[in-house]
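Architecture at a glance
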Amino acid sequence: MEPFRNSSSIEEQQIVPDSARYFIMRTTETFSKVSPFLIEKAISGSIGAVKTIRKMRSGDLFIEVSSSQQASALTKLRHLATIDVTVVAHRSLNYSRGVITAADLLHVSTEEILENLQDQKSVKAAYLNCPVRPYIPNPLRCFQCQRFGHSKLTCRGQATCARCAEVGHDSADCKAREKCVNCKGDHTSYSRSCPNWSLEKEITALKIKNKISYPEARRIVSSRTPVTGVSYAAVVKTTQISASTQYNLDDLKNQTPLSPVKSSHKKLVITDKTVSKTSTPKPSHKKRIERLKDSKLQTRSDCEEFMTSFISWNCRGLRTRLVDLKSIISTYQPACVALQETFLKSTMTMRVRGYNCVRRDVDGDTSPTGGVCLFTSNLYPSTVVTLHTSLQAVAVRIHIHSLVTVCCVYLPPNDVVPQVD
């Protein structure tokens, strides 16, 4: 229910609920001509210290209070320092919306439903238990510039036709060819077939369901939306330097001090443009190599501490090594575990408590072969990255100290990798 809709004077007719905590302070003049320190001290002196004071794009002040006493005192303010002010409750943050569906209530008037349900914390209509779905509003579109994300009141753009996307006239009498302002497609700017409209709807749904901010929801949706024309091969061309150490699985299971695995491969040295076998460096490169060694020693401990959050393991059959996997996770509690050659069929389920699972299975003719899997801890926010490739690969983005993209790939020894991948 929206108590403030269709009111001619919001300041005079609004009914502030006792649970209201978010308010808008307005003035007929401007807050920019008054010292922000003076305004903050005046608010604190009138109602006490509040949780949040923030200036909005419109020039009004957004205020979050911490108690009903502060809310009551704030709504009664008419003067602040040397300026006249009015305080109104925020139109949307002080209540939540939900959608219920019950065929038996089809012929019941709205007034009767509101009268009987207004005091309930959960929706129970007489003997009917009505499940509540979150209300997902349509994306906010400006009626002036036709862009998403703001309203006409705060728009700084030019008046644009919603039908043909041309500037300077209204869409009421326009008969030109349809063109969308947002995606440049052959439809109107208010069409729900617009891919930008669908994207904004997905962002709004994620924002409400996960109770996060709009910018954060946009970053998550953008990160999992595939970019047109970008293949796995194009992504891996971007070289990034990372530090990692391979350890014996027996050390991990027995909880003994970790010792790096000795490798029989010859050491490689990375020069400016090529990779070659170890050789005597040129005199001109000696000082640069010494500086690199010093920097590696300084950052080695930080790198090792960071990389212990990740475990990579060619398990060669996850079902038979599941006990080992759970033991390792219980001991080291990694943020992410990458597994290769899982030998799982697509019909098999695999769960580890406290971890999300992303898999790519390969069903063989007689038994499963290959396969990759990523387990990500529920303690860290993560999103799945869609890979458009025929390779056995999965990827996720995970927030630890920063945003990290983890990709798990298995390349069978006898397979030929296409150049497009």
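Definitions and limits used
- Per chain, the residues get numbers from 1 upward, laid out in the order the sequence is written.
- With the structure being a predicted model, the display of local features is reserved for residues of pLDDT at least 70 and the display and counting of side-chain atom pairs for 80 or more, all residues being used for whole-chain, interface and lining totals.
- Here the side-chain values reflect all heavy atoms present in the structure, with hydrogen atoms and water set aside.
- For the purposes of this entry, the term helix denotes a DSSP run of H or I that reaches at least four residues, the term strand denotes a run of E that reaches at least two, and both are numbered from the N terminus.
- The buried label goes to any residue with under 20% of its type's maximum accessible area, the exposed label to any with over 50%, and the partly exposed label to all in between, with areas taken from a 1.4 Å probe on protein chains only.
- The contact criterion used is simple: two residues touch if any of their non-hydrogen atoms lie within 4.5 Å.
- Where accessible areas are quoted, they stem from the Shrake-Rupley method and a 1.4 Å probe; at the residue level, only the protein chains shown are allowed to cover.
- Any two strands are treated as partners once DSSP identifies two or more bridges connecting them.
- Here a Phe, Tyr or Trp ring, Trp counted by its six-membered ring, pairs with any other such ring whose centre lies within 6.5 Å, and the pair is stacked when the planes are under 30 degrees apart, edge-to-face when over 60, and tilted otherwise.
- In this analysis an axis means a line fitted to C-alpha atoms, helices contributing only their contacting stretch, and an angle means the value between N-to-C directions, from 0 to 180 degrees.
- When two cysteine sulfur atoms are found within 2.5 Å, that pair is recorded as a disulfide.
- Each nonpolar core is a collection of buried residues, namely Ala, Val, Leu, Ile, Met, Phe, Trp, Tyr and Cys, held together in the definition by side-chain atoms within 4.5 Å.

Looking at the overall build of the protein
Each helix and strand in the protein was counted, giving 10 helices and 18 strands. Across the 421 residues of the protein, 31% fall into the buried class. For the protein, the proportion of contacts with a sequence separation of at least 24, taken over those separated by at least 6, is 50%. Surface exposure of the protein reaches about 29100 Å², of which carbon and sulfur atoms provide 51%.

A short note on the pairing of strand E17 (residues 392-399)
For E17, the tally of buried residues reaches six of eight residues, placing the bulk of the element in the interior. Relative to E17, strand E16 (residues 382-385) runs antiparallel, the two sharing four bridges. Residue pairing in the sheet places Val384 in a bridge with Val396 of E17. Two strands pair when backbone bridges link them, and E17 and strand E18 (residues 403-410) are joined in this way by eight bridges, in the antiparallel orientation. Counterpart to Val394 in the pairing with E18 is Cys408. Taking the residues between adjacent antiparallel strands as the criterion, E17 and E18 are bridged by three residues.

Looking at the side chain of Thr188
Residue placement: Thr188 occurs in the loop between strand E9 (132-134) and helix H5 (195-210). Judged by its relative accessible area of 6%, Thr188 falls in the buried class.

Points about the packing of aromatic side chains
This structure, assessed with the given rule, holds one aromatic pair. Between Tyr22 and Phe62, the ring centres sit 6.0 Å apart and the planes meet at 25 degrees, which makes this aromatic pair stacked. Here Tyr22, found in strand E1 (residues 22-27), pairs with Phe62, found in strand E3 (residues 61-64); they are 40 residues apart in sequence, far enough to count as distant. Accessibility expressed as a relative area gives 25% for Tyr22, which makes it partly exposed.

Overview of the sheet that holds strand E12 (residues 310-314)
Read across the open sheet, the four strands follow the order E12-E13-E15-E14; overall the sheet is mixed. The open sheet is flanked by E12 and strand E14 (355-360), the only strands paired with a single partner. Across the sheet, the mean angle from the axis of one strand to that of its neighbour is 15 degrees, orientation sign disregarded.

Observations regarding the state of the cysteines
With the rule as written, the count across this model stands at zero disulfides. Here Cys183 stays unpaired: no disulfide links it, and the sulfur of Cys194, its closest cysteine neighbor, is 3.6 Å away. For Cys183, a relative accessible area of 25% puts it in the partly exposed group. We note that Cys373 lacks a disulfide partner, and the nearest cysteine sulfur, in Cys357, lies 3.5 Å from it.

Concerning the sheet that holds E18
Sheet architecture is open: three strands sit in the order E16-E17-E18, paired in antiparallel fashion. If you trace the sheet from one side to the other, it starts and ends with E16 and E18, each paired once. Between one strand and the next, the sheet's axes are offset by a mean angle of 20 degrees, whatever the strand orientation.

Focus: unusual backbone geometry
In this structure, Gln146 is a non-glycine residue whose phi angle is positive, near 70 degrees. When you line up the elements, Gln146 lands in the loop between E9 and H5. Gln146 gets classed as buried once you look at its relative accessible area, which sits at 3%. With a phi angle near 55 degrees, Phe343 is a residue other than glycine that sits in the positive phi range.

Some remarks on the nonpolar core
Counting 21 residues, the largest nonpolar core has Phe23, Met25, Ile43, Val65 and Leu74 as the members making the most contacts within it. For this core, the secondary-structure elements that each account for two or more residues are E1, helix H2 (36-47), E3, helix H3 (68-75) and strand E5 (83-89). Listed in part, the 17 residues of the second largest apolar core include Trp313, Ile328, Leu344 and Val352.

Some words on the pairing of E3
Burial along E3 is two-sided: Leu61 and Ile63 and Phe62 and Glu64, pointing in opposite directions, are all buried. Across four bridges, E1 lies against E3 in antiparallel orientation. Bridge pairing in E3 places Met25 opposite Leu61. Here four bridges tie strand E2 (residues 52-55) to E3, and the two strands are oriented antiparallel to one another. Within the sheet, the bridge partner assigned to Arg54 lies in E3 and is Phe62.

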